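This is what each chain is made of:
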Amino acid sequence: MRIAALSDIHGNLSALEAVLADIERRRIKKIVNLGDTVSGPFDAAGTADLLMRLNIPTVRGNHDRLLYDRPAADMGRWEAWVIDDLTDAHLNWLKSFPLTSESDSAFLCHATPEKDDENWLDFRGPADRLIARDLPDVRARLGEVDAPLILCGHTHAPRIVRLEGGPMIVNTGSVGCPAYLDIRCDPPFVQQTGAPDARYAIVENRAGVWQADLIAVPYDPSEMVSLAQAKGADNWVRAITTGWVA
């Protein structure tokens, strides 16, 4: 059994299409989506339409929730860019996502089992960068989950962690947003992978042991660049063309 796990697409349809083509090339039949699917200055409606047709198991990300769980006057920039592009059918689809799910012995969540907006394997450190959590802090966020494999996203930072005695926790990285700048912080918080590739993970159970590969797929971002430039999202342009923002 092989599973392709996607997360944090953020409306980057070109990156999603490249990842799906790579998955098809590898003849992987099972795909799961870990949330934060459409928010961002790209093609939210096209991304939603494609994923709705595929009908793959999906859990809710914080940016999915923020598209319907706060008033328009208080909507964050990532959501404000795309809310007018989404139909009621798109929003109802986003509302249908559960916080967590299970699929083929894998536990799926966006951030942690109990919250859709909490960093799990890493935290925002004093240097305004992600820092790996120590074992007690990682284990504390496991809660009552006893699955042998946990798939998550949220931080856009691909990582594999094996807890003593299990489980293996895999952060898939981000399909569509390899770097970001959070200007709500003082000083601003920066996360950057240093490469513009679309990220996802492949997990496989071999002889009862889960293994994971973190995949980076190059693609042509030019169409998404044009959309981001039209919305004045220069940091996103830099992110998807270089993997850096600072």
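Preceding block: the structure.
Bear in mind the structure is a predicted one, so any value in this text is a computation, not a measurement.

Student: Can you lay out the packing of helix H7 (residues 222-230) against helix H8 (residues 234-242) for me, pointing to particular residues and giving the numbers?
Tutor: Taken N-terminus to C-terminus, the directions of H7 and H8 make an angle of 165°; their axes are 8 Å apart at the nearest point. Between H7 and H8, the crossing angle belongs to the class labelled roughly antiparallel. Considering only the axes of H7 and H8, their crossing is left-handed. Each of Met224, Val225, Ala228 and Gln229 in H7 lies in contact with H8, whose residues at this interface are Val237, Ile240 and Thr241. For the contact of H7 with H8, the residue count by class is five nonpolar, two polar and no charged.

Student: Can you explain the packing of aromatic side chains? Please cite residues and give values.
Tutor: Tallying each qualifying case throughout the model produces six aromatic pairs. When the centroid spacing of 4.7 Å and the interplanar angle of 75° are considered together, the rings of Trp78 and Trp236 count as edge-to-face. Of this pair, Trp78 sits in helix H4 (residues 77-80) while Trp236 sits in helix H8, placing them 158 residues apart in sequence. According to the relative accessible area criterion, Trp78 is buried, its value standing at 17%. Look at Trp236 and you get buried, because its relative accessible area is 6%. Among the aromatic residues, those joined into a cluster by ring pairs are Phe42, Trp78, Trp81, Tyr180, Phe189 and Trp236.

Student: Before we move on, could you go through the sheet that holds strand S3 (residues 100-103) and cite the residues and values that matter?
Tutor: Taken in spatial order, the five strands line up as S3-S4-S7-S9-S8 in an open sheet, and their pairing is mixed. Looking at strand neighbours, the two that pair on one side only are S3 and strand S8 (159-162), the edges of this open sheet. Across the sheet, the axes of successive neighbouring strands diverge by a mean angle of 20°, strand direction being ignored. Bridge count between S3 and strand S4 (residues 106-109): four bridges; the pairing is antiparallel. Looking at the pairing, Thr100 lines up with Cys109 of S4.

Conventions we followed
- Residues numbered from 1 in each chain as written.
- Predicted model: local features only at pLDDT ≥ 70, side-chain atom pairs only at ≥ 80, totals over all residues.
- Heavy atoms only, no water.
- Axes fitted to C-alpha atoms, helices over the stretch in contact; angles between N-to-C directions.
- Helix = DSSP H or I, 4+ residues; strand = E, 2+ residues; numbered from the N terminus.
- Parallel < 35°, antiparallel > 145°, perpendicular 65-115°, else oblique.
- Left-handed = near helix turned anticlockwise from the far one by under 90°.
- Contact = heavy atoms within 4.5 Å.
- Nonpolar A, V, L, I, M, F, W, Y, C, P; charged D, E, K, R; others polar.
- Phe/Tyr/Trp six-rings, centres within 6.5 Å; stacked < 30°, edge-to-face > 60°.
- Buried < 20%, exposed > 50% of the residue type's maximum accessible area, 1.4 Å probe, protein only.
- Pairing = 2+ DSSP bridges.

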